[in-house]
Amino acid sequence: MYVDPETLRALPARRPADAATRASRIQWDLIGDARYEVRIGGQVAGFIDVVGAVYVVLSGSRYDRAEEVVQTLVWSTATAALDQNRSRS
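Here the structure is a predicted model, which is why all the values come from computation and not from measurement.

Caption draft 1: Local environment of the environment of Val51. Of note, Val51 is situated in strand 3 (residues 43-51). Linking Val51 and Ala34, residues 17 residues apart in sequence, is a C-alpha distance of 7.5 Å.

And the structure:
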């Protein structure tokens, strides 16, 4: 499969440029080469894996039991999905 290099350059950055502000309710830490742990209100809400150009969002407090809830190209969509999923639980 051929992918145009211009299309790849137009994709958003795969990792957020800045860490969340300390005042933000949603926090994250890089815990592996391409994996983030996301906390909401101080509790682990899930994980975000960076897979190529995609953020794969997994909901759950333990990675080995977390369930995929969405795939997206936008970081804020990934964190919002965890926030929405958490409020449904």
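Caption draft 2: Here's a closer look at the sheet that holds strand 3. The strand order 1-2-3-4-5 describes an open sheet built from 5 strands, whose pairing is antiparallel. Looking along the sheet, the strands with just one partner apiece sit at the ends: strand 1 (26-32) and strand 5 (67-72). Strand-to-strand twist in this sheet, taken as the mean axis angle between neighbours without regard to direction, amounts to 25°. Two elements, strand 1 and strand 2 (residues 35-40), share 6 bridges in a ladder whose sense is antiparallel. Note on strand 2: the bridge partner recorded for Ile26 is Ile40.

Caption draft 3: Geometry of the nonpolar core. Of all hydrophobic cores here, the largest spans 15 residues; its most connected members are Trp28 and Ile48. Those elements that place two or more of their residues in this core are strand 1, strand 2, strand 3, strand 4 (54-59) and helix 2 (75-88). Among the elements that take part in this core, helix 2 stands out by supplying 4 residues, more than any other. Ignoring any residue separated from it by four or fewer positions in sequence, one finds Ile48 in contact with Ala34, Arg35, Tyr36, Val38, Tyr55, Val56, Val57, Trp75, Ala78, Thr79 and Leu82.

Caption draft 4: Molecular detail of the pairing of strand 4. Buried residues dominate strand 4, accounting for 5 of its 6 residues. Note: strand 3 against strand 4, 6 bridges, orientation antiparallel. Across the sheet, Gly46 pairs through a bridge with Ser59, a residue of strand 4. Here strand 3 hands over to strand 4 after 2 residues, with Gly52 in that stretch at a positive phi of 60°. Relative to strand 5, strand 4 runs antiparallel, the two sharing 5 bridges. Paired with Ser59 across the two strands is Glu67, which belongs to strand 5.

Conventions adopted
- The numbering scheme is per chain: residues are counted from 1 as the chain's sequence reads.
- Selection of residues for local features in this predicted model requires a pLDDT of at least 70, selection of side-chain atom pairs for listing and counting requires 80 or more, and totals for whole chains, interfaces and linings are taken over all residues.
- Heavy atoms from the whole structure form the basis of all side-chain values; hydrogens and water molecules are not counted.
- A helix here means a DSSP run of H or I that spans at least four residues, while a strand means a run of E at least two residues long, and both kinds are numbered starting from the N terminus.
- Here a strand pair is declared whenever DSSP counts at least two bridges between the two strands.
- Axis lines are fitted through C-alpha atoms, for helices just across the contact stretch, and the angle between N-to-C directions can take any value from 0 to 180 degrees.
- For our purposes a nonpolar core is just a set of buried Ala, Val, Leu, Ile, Met, Phe, Trp, Tyr and Cys residues, chained together by side-chain atoms within 4.5 Å.
- Any residue under 20% of the maximum accessible area for its type is buried, any over 50% is exposed, and the rest in between are partly exposed; the area is computed with a 1.4 Å probe on protein chains only.
- Contact criterion: two residues are considered in contact whenever any of their non-hydrogen atoms come within 4.5 Å of each other.

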